[in-house]
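# Structural overview for review
Here is how the chains run, residue by residue.
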Amino acid sequence: MLSVAEALELIRANVSQLPPRRMALAEVGGCRLAEAVVSDVDSPPHDKTAVDGYAIQFADLRNGCADLRLLEEVTAGALPTYDVGPGTTTRIMTGAPLPMGADAVVMVERSSQPGPDVVRLEEPRAKLGQNIVRRGTVMRKGDVVLKAEHLITPAVVGLLAEAGCASPLVVPRPRATVLATGNELVPCREVPRPGQIRNSNGPLLVASLRQAGAEELDLGIARDDRVALRDKIGQGLDADLLILSGGVSAGVLDLVPGVLAELGVREVFHKVSLKPGKPLWFGVWTSPAGIVKPVFGLPGNPVSTLVCFELFVRPALVRMAGGVATSPPTFAARLSEPFMQRGDRPTYWPGRCDVAEAGATGREVTPLRWQGSGDLRTLVDADCLICFPSGNCQYAAGDDVTVRRLH
Ligand code: AMP
Ligand code: MG
């Protein structure tokens, strides 16, 4: 059976970045730039004042003091009409253009008005050029202010706006369809009748996708019959990727791999050596336009679904969105209590590490009392998965283990 690392490599090899497109600034947060961005302005566009104060000729200060004649007030957005000459000053607000002739700004807090149109300044430690930001010191017209592949944070959005890039070329957020399969499933707003359970994987996957920066379309529930599955899966293939839950194990109604094959979705692998999540199915569908779309069939047990999303779907999404799917964020920790690992597959066991609080060293991790892949309730207390290698092994408190952070 395929190892987790081999499965990840196959996913990497079969998933590629989405084609870039231009998007409005309001939409691009969290995406990656697909091209470098050049500023069309100097910033600041003019020599400006960094404070509310008085623009002066520095030579007018004697021991830091001067009484000067007030010429005018210039607010941000307005332009000075007078040059500042010897013995005069202009009141100027933060960001406003510096009048010609001025070579320092004294903060308004260091001023008083002894008479009409007379301003007294007292700033013993004043310096030539103080409180002035020169034109183009942040960026010059023609500067490359952002490189391709830069992740678009809120600061980047602000910089794009400043540089005049209203619709940057970006790698769009992947759009994923989510389809839960199973005759036993009812939507969560319904009370399950005997034999039924609520569909928790659909909402779980929608939340996971949003958290991973993807867009989602929830197709609800498909019955375990070929026609229903074919119909819903067909709809799902319109998106950039399709995520199914359930129907990929060895039961008589696990029809998903067969229906995917009928629809021309090429299987890349089925089954990975891990617990939970062994029945994972992965394939690709090539659209008539030649676009290759990943399809994941996640095992139906909710914890298997979640673990497989974290381990396999998330890196695929990162890659589609133009990021580098790095190796998973794992770190070492010490077990807080003994643990018995059993079985022939590597196990991802829910743990609590208080990842956020713990420092870089001395981290301790507690394996939670987990009932297995149907036990989602315990997962809400987990902040990590403890990765135990395959094979039977009795671990002691204090033993080193590898831990993988949960998002
Ligand atoms: P399957 O992979 O379809 O064989 O399902 C494995 C187990 O997960 C079964 O006990 C299902 O009832 C359960 N299951 C499947 N799909 C869901 C779902 N969407 N939400 C909650 N449990 C599910
Ligand atoms: Mg099923």
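Residues numbered from 1 in each chain as written. Chains lettered and ligands numbered in written order. Predicted model: local features only at pLDDT ≥ 70, side-chain atom pairs only at ≥ 80, totals over all residues. Heavy atoms only, no water.

### A word on the overall build of the protein
Note the following rule: A run of H or I in DSSP becomes a helix once it reaches four residues, and a run of E becomes a strand once it reaches two; helices and strands are each numbered from the N terminus. The globule rule used here is 2.2 Å times the number of residues to the 0.38 power, and the radius of gyration it is set against is calculated over C-alpha atoms. Categorising residues by exposure relies on relative accessible area from a 1.4 Å probe, with only protein chains included: less than 20% of the type maximum marks a residue as buried, more than 50% marks it as exposed, and the intermediate range marks it as partly exposed. By definition, residues are in contact when any of their heavy atoms lie within 4.5 Å. For the area figures, the Shrake-Rupley method with a 1.4 Å probe applies, and any residue is considered shielded solely by the protein chains shown.
Counting secondary structure elements, the protein contains seven helices and 28 strands. For 407 residues, the compact-globule formula gives about 22 Å, and the C-alpha radius of gyration of the protein, at 31 Å, lies well above that figure. Dimensions of the protein, computed from the C-alpha atoms along their principal axes, are close to 95 × 55 × 40 Å. For the protein, the residues scored as buried account for 45% of the 407 residues in total. Long-range pairs, those at least 24 residues apart, make up 70% of the contacts in the protein between residues at least 6 apart in sequence. By element, 52% of the accessible surface of the protein is carried by carbon and sulfur atoms, the whole surface being about 19,700 Å².

### Re the side chain of Asp42
To keep things clear, this is the line we draw: For this analysis, a polar contact is any N or O atom pair within 3.5 Å, provided that within protein one partner can donate a hydrogen and the other can accept it, and provided that sequence-adjacent residues contribute only side-chain to side-chain pairs.
In this structure, Asp42 sits in the loop between β3 (37–38) and β4 (48–49). Within the local environment of Asp42, its side chain forms a polar contact with the side chain of Arg135, the two groups lying 2.8 Å apart. Once residues within four sequence positions are removed from consideration, Asp42 is found in contact with Arg135, Gly136, Met139, Arg140 and Lys141.

### Topic: the nonpolar core
Put simply, the rule is: Buried Ala, Val, Leu, Ile, Met, Phe, Trp, Tyr and Cys residues form a nonpolar core when they are joined through side-chain atoms within 4.5 Å. Residue ranges for the domains trace back to a domain assignment, done automatically or taken from a database.
In terms of nonpolar packing, the biggest core is built from 56 residues, with Ile243, Phe296, Phe312 and Val365 touching the most fellow members. Ranked by the residues each element gives to this core, the list is headed by helix α6 (residues 302–320), at eleven residues. Counting residues domain by domain, this core receives three or more from each of domain 1 (4–18 + 172–320) and domain 4 (330–405). Residues within four places of Val365 in sequence aside, it is in contact with Ala333, Arg334, Leu335, Ser336, Gly351, Arg352, Cys353, Cys384, Ile386, Val401 and Val403. Within the second largest apolar cluster, 17 residues are counted, among which are Leu229, Leu237, Val256 and Val295.

### So, the sheet that holds strand β2 (residues 32–33)
This is how the line gets drawn: Strands qualify as paired when DSSP identifies two bridges or more between them.
The three strands lie next to each other as β1-β13-β2, forming an open sheet whose pairing is antiparallel. Strands with a single pairing partner mark the edges of an open sheet, and in this sheet they are β1 (21–22) and β2. In the sheet, β1 pairs with strand β13 (residues 169–171) via two bridges, with the strands oriented antiparallel. Counted as the bridge partner of Arg22 is Leu169 from β13.

### Some details on the domain arrangement of the protein
Domain annotation for the protein reports domain 1 (4–18 + 172–320), domain 2 (21–43 + 138–171), domain 3 (48–133) and domain 4 (330–405). Computed from C-alpha coordinates alone, the two centres of domain 2 and domain 4 are separated by 41 Å.

### Brief notes about helix α1 (residues 4–14)
Heads up, the rule is: Directions are taken from the helix axis to each C-beta atom, and the arc is the one they span.
Buried residues of α1: Val4, Ala7, Ile11 and Asn14, and no others. Down the axis of α1, the buried set is contained in an arc of 100 degrees. They therefore lie on one face. Turned more than 90 degrees off the buried face of α1, the exposed positions are Ala5 and Ala13. Where α1 is buried, its residues contact β19 (266–270), β20 (281–286), β21 (292–298), α6 and β24 (347–352).

### Section: the packing of α1 against α6
For the record, the criterion: Angles run from 0 to 180 degrees between N-to-C directions of axes, and those axes are lines fitted to C-alpha atoms, restricted for helices to the stretch in contact. Here roughly perpendicular refers to angles of 65 to 115 degrees, roughly parallel to angles under 35, roughly antiparallel to angles over 145, and oblique to all remaining angles. Note on convention: near helix rotated counterclockwise from far helix by under a right angle means a left-handed crossing. Clockwise means right-handed. In this classification, Asp, Glu, Lys and Arg are treated as charged, Ala, Val, Leu, Ile, Met, Phe, Trp, Tyr, Cys and Pro as nonpolar, and every other residue, Gly included, as polar.
The geometry of α1 relative to α6 is characterised by a closest axis approach of 10 Å and an angle of 30 degrees between their N-to-C directions. The orientation of α1 with respect to α6, classified from their angle, is roughly parallel. Regarding α1 and α6, the two cross each other, and that crossing is right-handed. Each of Val4, Ala7, Leu8, Ile11 and Arg12 in α1 lies in contact with α6, whose residues at this interface are Leu311, Phe312, Pro315, Ala316 and Arg319. Partitioning the contact of α1 with α6 into residue classes produces eight nonpolar, no polar and two charged.

### Looking at the sheet that holds strand β6 (residues 65–74)
What the six strands build is an open sheet, ordered β8-β5-β7-β6-β10-β9; its pairing is mixed. Every other strand in the sheet has two partners, leaving β8 (104–107) and β9 (111–115) as the edge strands with one partner each. Taken pair by pair, the neighbouring strands of this sheet meet at an average axis angle of 40 degrees, ignoring direction. Sheet topology places β6 next to strand β10 (residues 118–122); five bridges connect them, and they run antiparallel. Bridge pairing in β10 places Arg69 opposite Val118.

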